[in-house]
Structure formats: C-alpha cells, structure tokens
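Each chain, letter by letter, is given below.
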Amino acid sequence: MGWEKTSLEQVEIPFKPSRVILQDFTGVPVLVDLASMRDAMSELGGNPDKINPMVPADLVIDHSVTANVVRSQNAIQANMELEFERNKERFAFLKWGSSAFHNMLIIPPGSGIVHQVNLEYLARVVFNRDGLLYPDSVLGTDSHTTMINGLGVVGWGVGGIDAEAAMLGQPMSMVLPGVVGFKLHGTLRDGVTATDLVLTVTQMLRKHGVVGKFVEFYGRGMEELALADRATIANMAPEYGATVGFFPVDHITLEYLKMTGREDETVSTIEAYLRANKMFVDYNEPKIEPTYSSYIELDLGDVEPCISGPKRPHDRVTLKDMKADWHACLENKIGFKGYGIPKDLQNRVVKFDFHGQTAELKHGTVVIAAITSCTNTSNPTVMIASGLVAKKAYELGLEVKPWIKTSLAPGSGVVTKYLLRSGLLKYLSDLGFNLVGYGCTTCIGNSGDLDQIVADAITENDIIAAAVLSGNRNFEGRIHPLTQANYLASPPLVVVYALAGTVDINFEEEPIGTGKGNRPIFLRDIWPSSKKVSEIVHSNVLVDMFKSTYEAITKGNPMWNQLVVPTADVYSWDPNSTYIREPPFFKGMSMDPPGPHSIKDAYCLLCFGDCVTTDHISPAGSIHKDSPAAKYLVDHSVKPGDFNSYGSRRGNYEVMMRGTFGNIRIVNKLLDGEPGPKTIHVPTREKLYVYDAAMRYKNDGQDTIVLAGSEYGTGSSRDWDAKRTMLLGVKAVIAKSSERIH
C-alpha cells in the first residue's frame, strides 16, 4: 500500500520470480557457470548436486541459426544442417545440462524464438501447483523477455548473473519502481500496423523518460488491441527503456490463451483466480482512474506509418518524411542521425557485374531485407499483411533485385502453417522471402555473409548500404558489418523496401517499381486494407495449429535426438575446446570473501560519449577476421569460415575477453573520433586493439577504468558486458548514467 509514496523514497525490495527463461546465447554461459560452480563446490568439500535450479527454468535454443542460405526452397534445411555442424559441441553441452540439472526444460533448435514460444506455449499466467495458485512471473536472460507482459505476466530481462542467482533461489534486490500510466484511446487507422504503433510508443516513452520504471497500459483503446499487438508493444520495453510495459489480463487475454491451445479448464481457473484477487480488467464494470507516478496518453488514430533508424530504435521517421530524413542523415555530421557525406558524393552511383547481370549501388541501397524477430513474427496481422503485399506485387509484375539478401525467419512453426493455409507463403517465396529457419537470425546479427561481389562493391566505394528488418534492434554494427544504415519496419514494409531497393524514396510520390506493361506501381496499389487482413487472419489462424506445433517441438528433431552426451553430474571440461571452457570465476574460491579494495593510479582504457550500447561493449554478431578473437581461433586451428559468432562462443571466456569493445563502429574519444575497436596505450602512446592494450596494462600491474557519458549499456541483457570488462582488468566504469538492464 502507498507505493506511489514509497517508490519515490527508493525503497529496496526482494523479488523472487516463479520461473526463469533462457535462450542459448545467454543460456550456455549460465550453464557453464553452474557447471563450474559444481566443481568449486566439490573443491570446497561440499555436495555438487546442491548446485541446481530451485525454480523452473526453460531454455529455448533459438539464437544459433544464421541466414547463410537464402532464396532457396531448401534454405531452411540447409541452414539447420549448418547450424548443427557449427554448434554441435554447444548443443551437446546444453543437452548434457538438461539431464544433469533438475527442474530444467530444453527446447531444441528449430522450434522457434524464445519469446514467441514463451507467449504461445510456456507461459502459465497463473501457476497451479497441486491446488496452490499464484501469479506467473519470470526473469529471462534476454532483454525482450518483456514480451510476456503483453499476456499479463510480469517479466523482464536480466543478465546471466542475476538469472543464476534467481535459479538458485536467491531473491533479486530491486528498487520499488515508479509506474507510468499510458492511456490508449481511439482506434488505428486503416492500413496502420502494430509495428507503426510500437515505434511511435517507443519514441514517446524515450522522450518521457521511463528508465527503471514500469509502464502500465490502460484505457478504452485497450479493447482495440489484439493480444499480439500488445505483445509487440511489450516486447520493445528495452528500446523505450522501461523495465516492463505491462498489459493487465482481460477477456482478450483469455481468448488468446484458448486460441493458442490452453485448456478451457485452465483458462477458467486463471480467470477465477485473477477476478478473486482484483487483478482482472472487466470493461463492463465501472472504471476508476488508476493512480500512477506520471501519465502519458495516445490517440491510436494519430499513429502514422513509420520506420525507425538508421542507428537507434527510438529514432522514428514517418514514411512520408523518410526521403527528406535520409538526405539529412547523409549530410549531417557523423552521429546517431548523420554520416557526414560530402554533397558532391551523396548521389554517386556505382555499377558492377552481379553474376552476369548489371547491378548498381548508391547510398541507401537496400542489401538486406529480413522478416525476422519475435517482435513482429509473433503477430499474425503483420505477417498476413506481408503475404498480401507480396501477392499483389507478384501479380502486378514487381520483382526484388537478386543482389538483395531476403529472408523469412518466423518465431514459431505456427506462422508457416497459417501462411501456407492462406496461400500467401508461395508469394513471399516468389519474391525471395523463403523460409530460412525458426530463430532470431538477422535481428541478433546472424544475417550471414553478403555475396562477395556486393560486399566488395560496398567496401571499395564507401557506400552507406541499408538493411530493413522487422526486428527490434538496429544499433551500429549489430545487423551486419557492411550495412551502416539499418531500419526497423513492419513485415509488409520490409517487402516493400525490398521491392523498391532503396530507402531513398517517397512512397507517396514515387513508384516502387515498374510492373507489367511498364506500368508504374505505387505503394497504394499493393497495400492491403485492415479489413482484408483481419478477414484472412480470422479464417486461417486456428487453434489446432498451435496444438500440433507445440506437441511436435517437445519431441525434438532427428539431429538433436541423435546427439549422444555423457550422463555425469559433473562436467568433463575439454581443454582443447574453442566453444566450452571452464571459466576462471570460481577458481581458487575460499569460504571467506576477499572484500573491497581501492583503485589507485588507474589509466583510462577507453573514453566514450553517450549511448554506448551492449552491442558496442559485447558484440554478439560476426567475429572480424583481423580481431584478437579471430587470431585466437586461428591459433587454435579454427578456419575463418567456422568462426561462427561471438554469441555462439559465449561459453569460451578466452574468445569473449578478446572481443570486448570489439564493435567496428564503436567511437573511442582517445582516438579523436576514429571508429573501431582500438585505443591508445597511454604510457607509450601506441594505438592497439583494446584487448592488447588491456593485457599490457594488466601485465604491468596497472589498474584501468572506462569513462562514458549517459545511457551506458543501452540494449540487451548481457552479463558478459560485466564479465568481459572485468577479465580485461578494468576496475570501474564511470558513466553519467547507465541503463537498468546493464
């Protein structure tokens, strides 16, 4: 009671979640830590089996698939074979963990994206343990765990260290948050998507300032939002900076639970429990205006079609202003909205031969167009809309240029089923959006290589190439090293930009392309009405699709089922492994903690400005061929084609520490604004890779610190940001402000 007063007093409370959820990029280091804890327990004379999850833990293997093979009917099978070939050792380790640790469920590769699987299958909303009912709540080792708040389940992303503590029964200490009330009213205009809405909400809340706060959505506009639309908004809480973006349970939630295959009896119990505890919203009852720490509101009718970019999720641009904004970005000085391209080079066109076909690139040319990410692929409305756009475009004779890397990576098999039933999957495939896998792919940086001809044309001519994806992240260096402009858009807009081939276009005045009979085709000619989309969703998204999909994933797949793993409770570390190595964190541990120590005569390792993201600090994507991490792998007989990604090698601290601050777009003020993963070794004034400079300081017994501006650690929940920095010998990061998730 009285939270609105006590929250202002920064009261600290303990929070214990009902369960923990992990994905494989973050789940592997969690299991590595737990396995090494068992070793430490044995060395201290204790029982290693005491290191065991005390709350249910679910791990979905979804971050390992890469869009290597695209534009092929065999792409999904080929990419899965490559995924297992590269990650077999990691997968075997995870499979060992599923039997070695109690209370842990592992969902095999190829099943879907963790947050969509959580929404459609894993979430309980209300736990029922032998008649004891209590609310579902979850901590996840992925920032977009917040998606589950769309279902009325409180949950958010934390680093692996926090998740490990929660799994082992330790409460998470947190300051009682302020709660921002976000009032919705009205209805979306015809043709406006849930993606347009979430990008608008993200920009509004970033401006309002909600870091460390809860956001709760309310108002009559809630009745206009399908559960999938709510989940889309909840998913992007990290992008607007809130801990959660919460939607209370109402009749729409219950309908979704039934649609996704939850039993009627279970749904009735959920409703009865929440009504009895005054946690259910009934729009037929008299409404009392809730009390919040602060308020913000939006008329859904004001939302316009938009995208966000080119470097941050909250830099929203309305579609009608996109061309002007793009030209401003080219001219602006280098920054979040600028590239500093001289006027005489802004319209330069580079022609090249693409496998016998004349091709051209200019600033803003789209080279990656990906329908990907749990944010949007969990939403049937925007997925059906993308299929309708593809169908109309195909019928009118539009094509996607062959040098654009197109892909379709749904968050669960349900998407494939309703796209097949509606007959729309064919048209997406006809335009090059073939199924490439069920996982995060491009959104996490697993976009795969560009065709070498395209890559050479970009690098040799300093082209600001673009990627358009239906994801939630577009931070520098994340999507692909060669796409400096990255835009977030709805799935149907991803198709449209692929057809146009450039972000340098005003869709209201310029045609997307030329169709049959040399007829110019405009956006208005292929964009479906909201009514048409709704009709197809209601007739093609069926409850049996969810039931059959999730009955199948628990059985695994042949490649997963054929993995043979040891059954011992204590893991046998392979000293030659380049994926799984015993970390140093618990080595030589004693029963008495060492206590604090002072930092003395420290050198500045790095000096940053504002908004250094977790992708700057701890890259998850590709390992650059000239980096210290690449040198380590080559020295251990790993070929460049088998480097995989930083995310996939999080079980090896040697790779991770060498990749710290390894983003090729990071700007260190010690280098006078020159981007790249290097710094100045102050005593000698040498320019070195960050890792090499850090090791020189460490070997010389010299402490180091990192200086930064505001919003340090924006982005993903990544405990390796802390682990890597510590392994480099950094004693403190001094920043103006930091994101809660960091």
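Counting restarts for each chain, with residues numbered from 1 along the sequence as it is written. For this predicted model, a pLDDT threshold of at least 70 governs which residues receive local features, and a threshold of 80 or more governs which side-chain atom pairs are given and counted, while totals over whole chains, interfaces and linings are taken from all residues. In computing side-chain properties, one takes all heavy atoms of the structure into account and sets aside hydrogens as well as water.

A. Focus on the domain arrangement of the protein. In this entry, domain limits derive from an automatic or database-based domain assignment. What the domain assignment reports for the protein is domain 1 (3–302), domain 2 (306–548) and domain 3 (603–735). Just the C-alpha atoms count here: the centres of domain 1 and domain 3 sit 29 Å apart. Counting from both sides, the interface comprises 21 residues of domain 1 and, opposite them, 16 residues of domain 3. Here's the idea: put two parts together, see how much 1.4 Å probe accessible area each one loses, and the total over both is what we call buried area. Interface area for domain 1 against domain 3, summed over the two sides, is near 1,300 Å², with a carbon-plus-sulfur share of 50%. If you sort the residues of domain 1 by the area they bury against domain 3, Phe25, Pro29 and Arg86 come out on top, with a joint share of 35%. We define a salt bridge as a contact between a side-chain nitrogen of Lys or Arg and a carboxyl oxygen of Asp or Glu at a distance within 4 Å. Counting across the domain 1 and domain 3 interface gives two salt bridges. Lys723 is paired through a salt bridge with Asp33; the nearest N and O atoms lie 2.7 Å apart. Any pair of N or O atoms that falls within 3.5 Å is considered a polar contact. Within protein, one atom must be able to donate a hydrogen and the other to accept it, and sequence-neighbouring residues count only if both atoms are side-chain atoms. If you look at where domain 1 meets domain 3, you find three residue pairs in polar contact (both at pLDDT 80 or more). We count a stretch as a helix when DSSP gives it H or I for four or more residues in a row; a strand needs E for two or more, and each element gets its number in order from the N terminus. Counting only elements with at least two residues in the side of domain 1 that touches domain 3, the list comes to helix H2 (24–43), helix H3 (75–100) and helix H5 (160–167). The criterion used for residue contact is that any of the two residues' heavy atoms lie within 4.5 Å.

B. The arrangement of the sheet that holds strand S3 (residues 57–60) in detail. Whether two strands pair comes down to DSSP finding at least two bridges between them. The strand order across the open sheet formed by five strands is S4-S3-S2-S7-S8, and the pairing between neighbours is parallel. Strand pairing shows two members of the sheet lacking a second neighbour, strand S4 (104–107) and strand S8 (154–157), which therefore form its edges. The average undirected angle you get between the axes of adjacent strands in this sheet is 15°. Pairing between strand S7 (residues 137–140) and S8: four bridges, direction parallel. Every axis in this analysis is a line fitted to C-alpha atoms, fitted for helices over the stretch in contact. Angles between the N-to-C directions lie between 0 and 180 degrees.

C. Representation of unusual backbone geometry. Of note, the bond from Gly309 into Pro310 is cis; its omega dihedral lies within 30 degrees of zero at 10°. Structurally, Pro310 can be placed in the loop between strand S14 (306–308) and strand S15 (316–318). Located in the positive-phi region is His355, a residue other than glycine, with phi close to 50°. Here Phe661, not a glycine, exhibits a phi torsion of approximately 55°, which is positive. By secondary structure assignment, the location of Phe661 is in the loop between helix H24 (653–658) and strand S25 (678–681). Residue Phe661 is classed as buried on the basis of its relative accessible area of 1%. Partly exposed describes any residue whose relative accessible area lies between the buried limit of under 20% and the exposed limit of over 50%, with all areas from a 1.4 Å probe on protein chains only and scaled to the type maximum.

D. Spotlight on the layout of surface pockets. Cavities and pockets are found on a 1 Å grid laid over the protein atoms alone: a cavity is a set of points where a 1.4 Å probe fits but cannot escape, a pocket is an open set with protein on both sides within 12 Å along at least five of seven lines, and a lining residue has an atom within 4 Å of such a point. Grid points are joined across faces, edges and corners, and a volume is the space filled by probe spheres set on the points. The computed volume of the largest pocket comes to approximately 1,700 Å³. Together, 45 residues line the largest pocket, and Glu216, Phe246, Pro248, Lys278 and Met279 are the ones closest to its centre. Listed by contribution, the elements that provide at least two residues to the lining of the largest pocket are strand S1 (12–15), S8, strand S10 (179–185), strand S11 (214–218), strand S12 (244–246) and helix H10 (264–276). Ranked by residue count, the leading element in the lining of the largest pocket is S11, at five residues. Class assignment for the residues of the lining of the largest pocket results in 29 nonpolar, five polar and 11 charged. Roughly 1,300 Å³ of volume is contained in the second largest pocket. Lining the second largest pocket are 50 residues, with Asp449, Pro481, Ser622, Ile623 and His624 sitting closest to its centre. Classes in brief: Ala, Val, Leu, Ile, Met, Phe, Trp, Tyr, Cys and Pro nonpolar; Asp, Glu, Lys and Arg charged; the others, Gly included, polar.

E. Quick peek at the side chain of Thr202. Considering the arrangement of structural elements, one finds Thr202 in helix H6 (residues 194–208). Look at Thr202 and you get buried, because its relative accessible area is 0%. Once residues lying within four places of it in the same chain are set aside, the contact partners of Thr202 are Met236, Glu239, Tyr240, Pro313 and His314.

F. Quick peek at helix H19 (residues 530–540). Val533, Ile536, Val537 and Asn540 are the residues of H19 that are buried. Considered in projection along H19, the buried side chains sweep an arc of 105° and stay on one side of the axis. Turned more than 90 degrees from where H19 packs its buried face, Lys531 and His538 sit exposed. Here the buried face of H19 lies against helix H13 (380–396), helix H14 (413–421) and helix H20 (543–553). What the arc measures is the spread of directions leading from the helix axis to the C-beta atoms.

G. Fine view of empty space enclosed by the protein. What the rule picks out here adds up to seven cavities of 30 Å³ or more. By volume, the largest cavity is sized at about 180 Å³. Partitioning the lining of the largest cavity into residue classes produces six nonpolar, 11 polar and five charged.

H. Examining the sheet that holds strand S28 (residues 730–735) more closely. Reading across the sheet, the three strands line up as S24-S27-S28 and stay open at both edges, with parallel pairing between neighbours. Strand pairing shows two members of the sheet lacking a second neighbour, strand S24 (603–607) and S28, which therefore form its edges. Strand-to-strand twist in this sheet, taken as the mean axis angle between neighbours without regard to direction, amounts to 25°. As paired elements, S24 and strand S27 (residues 704–708) share four bridges and run parallel to each other. Each bridged residue has a counterpart across the sheet, and for Tyr603 the counterpart in S27 is Thr704.

I. Spotlight on the nonpolar core. Counting 148 residues, the largest nonpolar core has Phe217, Tyr240 and Phe433 as its most contacted members. Beyond its immediate sequence surroundings of up to four residues, Phe433 is in contact with Ala369, Ile371, Thr406, Ser407, Leu408, Leu428, Val494, Val495 and Ala498. Ranked by size, the runner-up nonpolar core spans 47 residues in total, among them Val32, Ala40, Ile61 and Tyr571. Residues enter a nonpolar core if they are buried and are Ala, Val, Leu, Ile, Met, Phe, Trp, Tyr or Cys, with the set joined through side-chain atoms within 4.5 Å.

J. How the structure looks around the packing of H13 against H19. Between H13 and H19, whose axes approach to 9 Å, the crossing angle comes to 110°. Considering the angle they form, H13 stands roughly perpendicular to H19. As for the relative orientation of H13 and H19, their crossing is right-handed in sense. Residues Pro380, Thr381, Ile384, Ala385 and Leu388 of H13 pack against Lys532, Val533, Ile536 and Val537 of H19. When grouped by side-chain class, the residues that make up the contact of H13 with H19 number seven nonpolar, one polar and one charged. Orientation categories follow fixed angle ranges, with anything under 35 degrees roughly parallel, anything over 145 roughly antiparallel, 65 to 115 roughly perpendicular, and all other angles oblique. Each helix crossing is assigned a hand: it is left-handed if the near helix lies turned anticlockwise from the far helix by less than a right angle, otherwise right-handed if that turn is clockwise.

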